[in-house]
Structures are given as C-alpha cells and as structure tokens.
Amino acid sequence: GRQLKGDVYFHCVVDEEFGGGNGTLACLNESCHADAVLVAEPTELKPAGAHMGSYAVHITAEGKSVHGNLKQSGVNAVEKMLPVINACYKLGEKWEQRRFGLLPAPVFSIVSLNAGDGSITLPGSCTAVINYTYLPDGYEYEEDFLGILHSCEEADDWFEEHPLKIEKLHDVKPYHMAENSRWGTCVVRNVSEVMGKQTDLFGFGCGADARFYANTGKMDTIILGPGNILNAHSPNEYVELEQLYDAARIYYKLLCDWCG
C-alpha cells in the first residue's frame, strides 16, 4: 500500500545463460532511462558494485589420424593441443598478479576438451573450449591471449600448414561503478539494516547482464540477489527460502528509501 514517488520497472529477460544478453538490450531499447538498477543475480544478498568480464573461445588443433601402434606415421592432435593449454595456464599465472578495485584476479579455465573416437586410433582433431575472466582495467587481454596462441603456432612447424582454428564464443564485458555512489550507498545501508550487520560492496567474480545497464545504459547498477552463485548452471539450482524472504524485505526497503 505504499505510494512511491518514482516509477519501478521489472525486466525479466531471455538470452542470458550463454553470454548473450540480447533480451536485456531489447529491454533497454524499449524502456526509459532509470536512475538506479538492481540485477538480481545470486550474491547471497551481498551487494556487488562490479563484475568480471568473461571471454570464451573454441580452439581446434588438427592432427593426422592413424592406427595407434603406428604413431610415427600420424600426428596426435591431443599432443598438439597440450602446449597450447599449458601456455594458457602460464599466461593465467601472469594475470593472477593483476588487481582492480573490488574485483578478484582473472582466472583461466579449460571448460571442455574433446578428441578421439576409439581405443586404438590417434585422434585426428582435438577441440578445447577455453574461458577466462578479465578486469575492466584497460589491459588488452584478448590481444595478449591471441598472441600466446600465435606463439604456440610459431613454435611448431606442423601449424604452418595446419593452423589452429579459433572461434570466439562470447565476450562478456566487465563493469564497475564508483564505490561512493548514492545508489551504492543506499543499497549497502538497507542491506545492513535488514541483515543486522555491516555490509560492504564486493566484486562479483562472474559476468552478468549488469554490464549492459552500466556500460550501455550508463546507469548506476548494483548486483544483489538471493542464492549462491556456486549453484548456478548446475543440475539442482535452488535458492534457500530464508534468503528469498530476506531479499523481499531488502527490495521493499530499497524501493521505499529510494522512491519513497
């Protein structure tokens, strides 16, 4: 029954799960500009004022498939891929020294590896999906990464006639906002009051659609929602009811405080 002095828009969007975000962009095209945005990703009700970028690429190394006992007559695609994977992890170790604001260091992950079709045949191709996170610090992460792949090709004559096949899958840009913004201060204050303890902004370790509201829409954006991100994209996603109830109380207080 509370009469708010401002308008509240609810965006329920599609095309987020695979790094797309077209649903959010469509909403931005149709809706008016907002003074503040809350993205309800699962943060265990801790407010995030920044999130990592996420970059994924599909890499295929070609080999020459032959009978496994006649290895000298073929080329094992997995063995061609291994130096690439090792070089990526070494690059990741270098990036682990980088820091920016509230965010953690970048990380590399091999999220998929596929090769071979039998127990006695050398694999003729090996495909890896590599994902890394990155910071909004202006560093040329993609250039650095592609340079490492090129160095791997230069180190092996096989790649002169059989270059790596590289296909970008997604590039989710990072975002960050000023830690002392009016919206961020409002969120921290209300979360602290509802939860009964002091809460501070943190950096969300994954990518999210918050980047579109912040980077494209130029709106102050905070990520705050019930649930644990460790459960995301898993077979048994769930949100604890107590967090859901607390989230409702926080959202209500935020609306009354911001628009009251």
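This one's a predicted model, so the numbers in the text were calculated from it and none came from an experiment. (Residues numbered from 1 in each chain as written. Predicted model: local features only at pLDDT ≥ 70, side-chain atom pairs only at ≥ 80, totals over all residues. Heavy atoms only, no water.)

(A) How the structure looks around the overall build of the protein. When helices and strands are tallied, the protein shows seven helices and nine strands. What you see for the protein is a C-alpha radius of gyration of 23 Å, clearly larger than the 18 Å of a compact globule of 260 residues, by over 25%. Along the three orthogonal principal directions, the C-alpha set of the protein runs to about 80 × 35 × 35 Å. Looking at the protein as a whole, 42% of its 260 residues are labelled buried. Across the protein, every contact between residues at least 6 apart in sequence was considered, and the portion connecting residues at least 24 apart equals 78%. Working note: accessible area of the protein is about 14400 Å², and carbon and sulfur atoms make up 51% of it. If you average the places of the 20 positive and of the 36 negative side-chain charges in the protein, the two averages end up 6 Å apart. (Helix = DSSP H or I, 4+ residues; strand = E, 2+ residues; numbered from the N terminus. Rg over C-alpha atoms; globule rule 2.2 N^0.38 Å. Buried < 20%, exposed > 50% of the residue type's maximum accessible area, 1.4 Å probe, protein only. Contact = heavy atoms within 4.5 Å. Areas by Shrake-Rupley, 256 points an atom, 1.4 Å probe, with all protein chains shown as cover. Lys, Arg positive; Asp, Glu negative; His and termini not counted. Charge placed at Lys NZ, Arg CZ, Asp CG, Glu CD.)

(B) Examining the environment of A105 more closely. The residue A105 is located in the loop between α2 (77-95) and β4 (108-115) in this model. By relative accessible area, which is 17% here, A105 ends up buried. Remark: the alpha-carbon pair of A105 and V39, spanning 66 residues in sequence, is separated by 22 Å. Aside from chain neighbours lying at most four places away, what touches A105 is M52, W95, E96, R98, R99 and T133.

(C) Broad picture of the nonpolar core. Counting 30 residues, the largest nonpolar core has I59, M81, F108, I130, Y132 and F145 as the members making the most contacts within it. Secondary-structure elements contributing two or more residues to this core are β3 (53-62), α2, β5 (125-134), α3 (141-154) and α4 (158-161). Here this core takes eight residues from α2, the largest share from any one element. In contact with I130, other than residues within four places in its own chain, are Y55, A56, V57, I59, C88, F108, S109, I110 and F145. Of all hydrophobic cores here, the second largest spans 27 residues; its members include V37, V188, V191 and F204. (Core = buried A, V, L, I, M, F, W, Y, C linked by side-chain atoms within 4.5 Å.)

(D) The arrangement of unusual backbone geometry in detail. You will see that L45, though not glycine, has its phi angle at about 65 degrees, which is positive. Relative to the helices and strands, L45 resides in the loop between β1 (36-39) and β2 (48-51). Of note in the backbone geometry, K218 takes a positive phi value of approximately 55 degrees without being a glycine. With respect to the helices and strands, the residue K218 is situated in the loop between α6 (210-216) and β9 (220-223).

(E) Broad picture of the pattern of salt bridges. Across all of its chains, the model carries 11 salt bridges by this definition. A salt bridge links E242 to R249; its shortest N-O distance comes to 3.7 Å. For E242, a relative accessible area of 48% translates into the label partly exposed. Under the relative-accessibility criterion, R249 is labelled partly exposed at 41%. Residues participating in the shared-partner salt-bridge network are E242, D246 and R249. (Salt bridge = Lys/Arg side-chain N within 4 Å of Asp/Glu carboxyl O.)

(F) Structural detail: the sheet that holds β5. One open sheet accounts for four strands, arranged β4-β5-β3-β6; its pairing is antiparallel. Edge positions in the sheet fall to β4 and β6 (165-172), since each has one partner strand and no second. Taking each pair of neighbouring strands and ignoring which way they run, the sheet shows an average axis angle of 15 degrees. Where β4 lies against β5, seven bridges are found, and the strand directions are antiparallel. Within the sheet, the bridge partner assigned to A115 lies in β5 and is C126. (Pairing = 2+ DSSP bridges. Axes fitted to C-alpha atoms, helices over the stretch in contact; angles between N-to-C directions.)

(G) Geometry of the environment of G68. With respect to the element layout, G68 can be found in the loop between β3 and α2. Judged by relative accessible area, G68 falls into the partly exposed class, the value being 24%. Distance in space between the C-alpha atoms of G68 and I120 is 4.9 Å, their sequence separation being 52 residues. Residues contacting G68, with those up to four places away along its chain left out, are I120, T121 and L122.

(H) Layout of helix α1 (residues 22-30). Inspection of α1 places G23, T24, C27 and L28 among the buried residues, and these make up the whole buried set. Buried residues along α1 cover an arc of 140 degrees about the axis, so they all sit on one side. Facing away from the buried side of α1, by more than 90 degrees, are the exposed residues N29 and E30. (Arc of directions from axis to C-beta.)

(I) Broad picture of the packing of α2 against α3. α3 packs onto α2 with a crossing angle of 145 degrees between their chain directions and a minimal axis gap of 10 Å. The hand of the α2/α3 crossing is right-handed. Seen from α2, the contacting residues are P83, V84, A87, C88, L91, K94 and W95; seen from α3, they are Y141, D144, F145, I148, L149 and C152. (Left-handed = near helix turned anticlockwise from the far one by under 90°.)

Read these as layout, nothing more, since geometry by itself doesn't imply function.
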